[in-house]
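# Examination of the molecular architecture
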Amino acid sequence: MAEMSMCSSSTRELVSPEEERLAIRDFVISAEAHTKEGDTFYLITQRWWQQWLDYVNQDQANNMNDISSLSEHCDSVSSSDVKRPSVIDNSDLIYDTTSEDSTMGIELHDTLVEGRDYILLPQEVWNQLYAWYGGGPTLPRKVINSGLSQTGLSVEVYPLRLQLFVVPKAAHSTIRISKKETIGELHRRACEIFDLNMEQVCIWDYYGHRKHALMNDMDKTLDDANIQTDQDVLVEVLSNGSSSAFGGCMSSVQENGTADKETMSVLVEPSKSSLSIAGGLSASKGVSRSCSSELSQSQNLTSPVRELDNTYGVSGVSTRGVTGGLTGLLNLGNTCFMNSAIQCLVHTPEFARYFREDYHKEINWQNPLGMVGELALAFGDLLRKLWAPGRTPVAPRPFKTKLARFAPQFSGYNQHDSQELLAFLLDGLHEDLNRVKHKPYIKSRDADGRPDDEVADEYWANHIARNDSIIVDVCQGQYKSTLVCPVCNKISVTFDPFMYLSLPLQSTTTRTMTVTVFTCDGSALPSACTVTVPKQGRCRDLIQALGGASSLKHNEKLLLAEIRNHLIGRFLEDPLILLSSIKDDDHLAAYKIPKLSKSTIFLQLIHRREEQEIGNAQKSIGWKPYGTPLVSPISCDDVITRGDIQSIVHTMLSPMLRTERRGNTDISETSISVAASDPSCEIAASEAFTDSIESDLKDKDGNHLKTVTLSKLPLQLVDENNACIDLSVGEEKAIKLSSSSMSILVFVDWSCKFLEKYDTHYLENLPEVFKYGPVTKKARTEPLSLYTCLEAFLREEPLVPEDMWYCPQCKEQRQASKKLDLWRLPEVLVIHLKRFSYSRSMKHKLETFVNFPIHDLDLTNYVAHNNSSRSQIYELYALTNHYGGMGSGHYTAHIKLLDENRWYNFDDSHISAINEEDVKSAAAYVLFYRRVKNDDASVSNGAQSCAGHENILPQK
């Protein structure tokens, strides 16, 4: 590079700003005409590009008869004020330090925006600028086909970022790969990274830590396979035979149902990063809009740069299917809060019909409280795209731009409260669509003893006289507010409109967690411990509580592990891990291990049993993991022999040895193997070993029995090269421990005869961290119900001192008591669960589980308007969820397609079907209910347009 800089320095003296401008212009024109798939574009920082534009355009203001300026705002720049740019410096586009994972390379900041942060340059333009100025780093990106028809071109600025997990070993790596690469290329990359053979592995779509589909079509692109950025991919190491050590790929596919036909996923908490961004921005015919427009905007070109339609220019993953309304929204960078709220509104039947008809005649262009119709137009345009044919996710950039313009608090790429966005959006749409062009001034009268019906109707009529829109028709209700003066008993009754109900939750600062404790020395059977820990605590708090509950000795410590699919998913060794990252449906194990000053690795003993094909007891499907792994530490500083491994495994299994079998411990029926073992490594039941070792046995209470002679276990483990090592021979031979892995694996296959000797039910049915049982009549164990929250909202209570009421009779501020009653309910009832609490110094999120009805939410007894003849029964059709903590969580939406009678999870651009029983969770945040009507059988979220909007509006 130094040599290039020297060579270019002499060239710089010969090239004028005008010559540079014309040369770059010619390159851009050529690239515009000839760009094709596979071409390379380069990112350059917008800051440096603007400096160069100012430099080469400095004389254009005085030469308007020649080719006009590259950028309109450069016209007035004086030549004496503009200096030649220094070397190209792209450092503001990348993270300061490269990823520790060598497979990642240089990483761009996640929230870069074309035209604001960077410009895309054709290769010839970059090469020329680099020859003149030098610098870097070089940031190349490929041109790919995009859009529904795959005929548009875009530059893939952000290739897929995938998390690769290898089982049975706990290895993982993060890679970048184009969404247009094939599954075969992903196989090749994975094998290269983990030093595996192609025949050794099968790869799974592991989105949300669940096996969705076996990725075995090597010619299929990752785009067609619906692989999302920041998702997990499972690399499963196979045996040399046809089946996997985990039960075989084919049996796993059968276990997941019709995985090849339709993947049904239940996402409890996706592992997607909350800061994901659309991968690739539009480039007309491959040319950057910002580069091309500034260079060619006013030049006499026969083919001006044309901006592609928003649907085509973005990089998204298509969600296949035939049903309408299953189009996702791309995450532009922490915009999941917006995406979840939009999807719920878009799938509200009344809004879907209204905005797909001609609603323009209702736009209030003069309303000073509105956004001159721009917000309504942007929302209507987005809604139509989401209901249009096709499944390519939509990038809501135009809508977000309008949103940020009228609500600056939602600008940028920080996480926001989805309910706050929803409140602003409903209010903004109402003002934009308010049919009242000139609001009359109306003075409200006090009730003065008049009947409630009369006063309520008067208040509602006054409200409608000033506020009349589709939002009011669908979402607004009315409640009765009663204030009583504590001094003179003056009663003031008003009837106020509401757009949604914000219900309080019972606050809690602690959390109950259940963890199963295992020993490695054979001193005790596994036992489940339930402890109470701080809600905002860390792993060290959980370990401390477990230590007290399990009588941890001073020379012992606890090793926490997360168990997934009967394997150890990860060790929770960092004491500062937040407990909020551990979900209620996770499974945790704690292993008592001695405190050792020496460095150690862990022996993982993983259990498998043989599964028989249903209806044919003679045909075996294969060995599949079950139960909970056992763990024992091994010193890295000592020489560990094969005989030592034999003793360790005997010790770990000894508490489960059945009492009647303690004198006869022949286990020749067992076969213990590793994940990557081939059939030649399996040790048949008839090949019992006669060599023996001595071992101390203890009973289930930990009492010493006697020293007995045990037959050697035919153990095998896997080395760094996935080779089988037989530990049943060569007792004195040392084991080579891997320097890069923290664990060695041993699998034990439990045959029927072997299970007669050991009672392994202690290893089965590992409890969840917290299990919500079925709703019972006992108040002590019943989860918080939505009705309880509503009753707390309607309960009479005194006003806070900061919100005193001016009593018209006392003529003073009084701390009156306030009572709310529901009076008029809307067609669509939005209920906000107040999970977030704020104080001057802290913010908290309540993870309280609320048991809300999906069907038959009956509010009849909560409506004070006794003369109302309308149905007060509601059905849930959508909700938003919030996972994680304050400011760093992730939003999703659960939505029911009414014409299908089926629930779906909307997680930004990823959409998957879910079961109705999985709709309820402690993550539920904003609930959307619609009134049950007699003709609901024909209702659809996005029903075909009616003749006019009057057909869908309720009677006021």
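Residues numbered from 1 in each chain as written. Predicted model: local features only at pLDDT ≥ 70, side-chain atom pairs only at ≥ 80, totals over all residues. Heavy atoms only, no water.

## Details of the packing of helix α9 (residues 336–346) against helix α13 (residues 418–432)
- Running from N to C, α9 and α13 point in directions that differ by 50 degrees, and their axes come no closer than 9 Å. Judged by the inter-axis angle, α9 sits oblique to α13. α13 is crossed by α9, and the crossing has right-handed handedness. Along the contact surface, α9 presents Phe337, Met338, Ser340, Ala341 and Leu345, while α13 presents Ser418, Leu421, Leu422, Leu425 and Leu426. (Axes fitted to C-alpha atoms, helices over the stretch in contact; angles between N-to-C directions. Helix = DSSP H or I, 4+ residues; strand = E, 2+ residues; numbered from the N terminus. Parallel < 35°, antiparallel > 145°, perpendicular 65-115°, else oblique. Left-handed = near helix turned anticlockwise from the far one by under 90°. Contact = heavy atoms within 4.5 Å.)

## Some words on the side chain of His463
- By secondary structure assignment, the location of His463 is in helix α14 (residues 452–466).
- Accessibility expressed as a relative area gives 14% for His463, which makes it buried.
- Other than its neighbours up to four places away in sequence, His463 contacts Val472, Gln476 and Pro497. (Buried < 20%, exposed > 50% of the residue type's maximum accessible area, 1.4 Å probe, protein only.)

## Remarks on unusual backbone geometry
- In this model, Gly136 is joined to Pro137 through a cis peptide bond whose omega is -5 degrees.
- Considering the arrangement of structural elements, one finds Pro137 in the loop between β4 (135–136) and β5 (140–146).
- Phi at Val372 is positive, roughly 45 degrees, even though this residue is not glycine.
- When you line up the elements, Val372 lands in the loop between α10 (349–356) and α11 (374–387).

## What to know about the pairing of strand β20 (residues 567–571)
- Relative to β20, strand β19 (residues 556–564) runs antiparallel, the two sharing four bridges. Bridging across to β20, Ile563 finds its partner in Ile568. (Pairing = 2+ DSSP bridges.)

## Section: the pattern of salt bridges
- A complete count under the given rule lists 28 salt bridges for this structure.
- In this structure, Lys896 and Glu875 form a salt bridge, with 2.9 Å as the shortest nitrogen-oxygen distance. Note that Lys896 is positioned in strand β42 (residues 890–897) and Glu875 in strand β41 (residues 873–883), a separation of 21 residues in sequence.
- Bridged by salt links that share partners, the residues Glu362, Arg435, Asp468 and Asp473 form one connected network. (Salt bridge = Lys/Arg side-chain N within 4 Å of Asp/Glu carboxyl O.)

## Some points on the confidence of the model for the protein
- Per-residue confidence for the protein gives a mean pLDDT of 75; residues scoring 70 or more make up 72%.
- No element of the protein has a lower mean pLDDT than helix α8 (residues 310–313), at 30, and none a higher one than strand β45 (residues 924–931), at 96.
- Note on residues 250–322: pLDDT is under 50 here. Beyond four places in sequence and across chains, it has 223 contacts.
- Scored below 50 in pLDDT, residues 773–781 shows five contacts in the model against residues more than four places distant or in partner chains. (pLDDT = per-residue confidence, 0-100.)

## Focus: the packing of aromatic side chains
- Counted under the stated rule, the structure contains 21 aromatic pairs.
- When the ring of Tyr479 is compared with that of Phe498, the centres are 5.8 Å apart and the planes differ by 20 degrees; the resulting orientation is stacked. Of this pair, Tyr479 sits in strand β14 (residues 477–484) while Phe498 sits in strand β15 (residues 491–498), placing them 19 residues apart in sequence. The same class applies to Tyr479 as to Phe498, namely buried.
- Centre to centre, the rings of Tyr891 and Tyr925 are 6.3 Å apart; their planes meet at 45 degrees, and the pair counts as tilted. Taken as a pair, Tyr891 in strand β42 and Tyr925 in strand β45 lie far apart in primary sequence, 34 residues in all. (Phe/Tyr/Trp six-rings, centres within 6.5 Å; stacked < 30°, edge-to-face > 60°.)

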